[in-house]
Amino acid sequence: MLEGAVRVLVVEDEVKLASLIRRALLEQGMLGDVAINGEDALWMAGAVPYDVVVLDVNLPGIDGFEVCHRLRLDGVRTPILMLTARDGVDDRITGLDTGADDYVVKPFDFNELFARVRALARRGPVERGPVLTLGDLSLDVATHTVTRAGVEIALSTKELLLLEVFMRRPGQVLSRYDLLEGAWEMDYENRSNVIDVYVRYLREKIDRPFGIETIETVRGAGYRIRAAAEQY
Ligand code: CA
């Protein structure tokens, strides 16, 4: 047992690469555990106080973005380093937007990977998740706390996820498909009217008691949360 060693969770479905990273980490004096899918990563990262999570974006089932998003939603503040196969700016932004701290583009240089892992391990756990605000509405992504004009509002997990999708895109028209993609599992079956139902729930909680309408229906297109400037 290496006392005080940096402990890393490596989330990678390519088993060969995963064990290569694990072995190389050990040579560097760091301990690596491997999760080969998102489901394992979610419980492992929740159960063990890792110093860093190295998270591949391309995973079967729950992908790396979703894993990252859910970990942050579950209050896991371990620094996350994303491995992205594509050099696209969109991927980097999506990664950082879902709560990742850094990213490395595949194929990566092992020395670069270790340097970044060490830097994140030194920095320590993320202090707190972002607080999204829109007018007097605020959503603390780390603590799941929603308030309107200082009044705390209790939301279910699905309502929180849906509100977060809206609040990250103020003023944008979002189709039912966009909203499903943002807040539901990829394989969710009963897609027919679930968004309409949950938008209604959200309105009942964040708008109606306050006598305002921030989530508006855009006929034939979907829904939009009004940006702060339009709110009053
Ligand atoms: Ca992969």
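As a reminder, the structure under discussion sits directly above these lines.
Not measured: the values here are computed from a predicted model.

A.B. asks: Which residues make up the pairing of strand β7 (residues 137-140), and what values go with them?
C.D. replies: Because side chains alternate across β7, one face comprises the buried residues L137 and L139, and the other comprises S138 and D140, equally buried. Judged from the 4 bridges that link them, strand β6 (residues 131-134) and β7 form a sheet pairing that is antiparallel. When the sheet's bridge partners are listed, L132 is paired in β7 with L139. Taken together, the 4 bridges between β7 and strand β8 (residues 145-148) define a ladder with antiparallel strand orientation. The partner of S138 across the bridge, within β8, is T147. In textbook terms, the turn of a hairpin is the stretch between consecutive antiparallel strands, and for β7 and β8 this stretch comprises 4 residues, one of which, H144, has a positive phi near 65°.

A.B. asks: Give me unusual backbone geometry: which residues, what numbers.
C.D. replies: Note the cis peptide between K106 and P107, where omega equals -5°. Tracing the backbone through its elements, the reader meets P107 in the loop between β5 (102-105) and α5 (110-123). In this structure, A149 is a non-glycine residue whose phi angle is positive, near 50°.

A.B. asks: An account of the pattern of salt bridges is needed here, citing residue identities and associated values.
C.D. replies: Counted according to the given criterion, the structure contains 18 salt bridges. When the shortest N-O distance is used, the salt bridge between R7 and D33 registers 3.6 Å. Placement of R7 in strand β1 (residues 7-11) and of D33 in strand β2 (residues 31-35) is noted, with a sequence separation of 26 residues between them. Judged by its relative accessible area of 27%, R7 is partly exposed. Across the pair R148 and D207 runs a salt bridge, and its minimum N-O distance is 3.0 Å. Taken together, the residues span a long stretch of sequence, with R148 in strand β8 and D207 in helix α8 (residues 194-207) at a distance of 59 residues. Assigned by exposure class, R148 and D207 land together as buried.

A.B. asks: If you had to explain the sheet that holds β8 to someone new, which residues and values would you point to?
C.D. replies: Taken in spatial order, the 4 strands of this open sheet run β6-β7-β8-β9, and their pairing is antiparallel. Each having just a single partner strand, β6 and β9 (151-153) make up the two edges of the open sheet. Geometrically, the sheet is characterised by an average inter-axis angle of 25° between neighbouring strands, direction not taken into account. Sitting on the sheet, helix α6 (residues 157-167) is in contact with β6, β7 and β8, with an inclination near 115° to β7.

A.B. asks: Account for the coordination of the calcium ion, naming residues and giving values.
C.D. replies: Summarising the metal site, the calcium ion is bound by the protein donors E12 (OE), D13 (OD), D56 (OD) and N58 (O), whose distances to it range over 2.1 to 2.8 Å. For D56, a relative accessible area of 0% gives the class buried.

A.B. asks: Tell me about α8, residues and numbers included.
C.D. replies: Its 14 residues give α8 an end-to-end C-alpha distance of 19 Å, which sits within 8% of 20 Å, the value for a rise of 1.5 Å per residue. For α8, the complete set of buried residues consists of V194, I195, V197, V199, L202, I206 and D207.

A.B. asks: Let's hear about the packing of aromatic side chains: which residues, and what values?
C.D. replies: Evaluation of the coordinates by the stated rule reveals 3 aromatic pairs. A ring pair is formed by F108 and F110, whose centres lie 5.5 Å apart and whose planes are at 45°; its orientation type is tilted. Judged by its relative accessible area of 12%, F108 falls in the buried class. Taking relative accessible area as the criterion, F110 reaches 24% and is therefore assigned partly exposed. Geometrically, the ring pair formed by F110 and F114 is edge-to-face, given 5.8 Å between the ring centres and 70° between the ring planes. Here F110 pairs with F114, and both are found in helix α5, just 4 residues apart, close to one helical turn.

Parameters at a glance
Residues numbered from 1 in each chain as written. Predicted model: local features only at pLDDT ≥ 70, side-chain atom pairs only at ≥ 80, totals over all residues. Heavy atoms only, no water. Buried < 20%, exposed > 50% of the residue type's maximum accessible area, 1.4 Å probe, protein only. Helix = DSSP H or I, 4+ residues; strand = E, 2+ residues; numbered from the N terminus. Pairing = 2+ DSSP bridges. Salt bridge = Lys/Arg side-chain N within 4 Å of Asp/Glu carboxyl O. Axes fitted to C-alpha atoms, helices over the stretch in contact; angles between N-to-C directions. Contact = heavy atoms within 4.5 Å. Donors = N, O, S within 2.8 Å, 3.2 Å for Na, K, Ca; no water. Expected span 1.5 Å × (residues − 1). Phe/Tyr/Trp six-rings, centres within 6.5 Å; stacked < 30°, edge-to-face > 60°.

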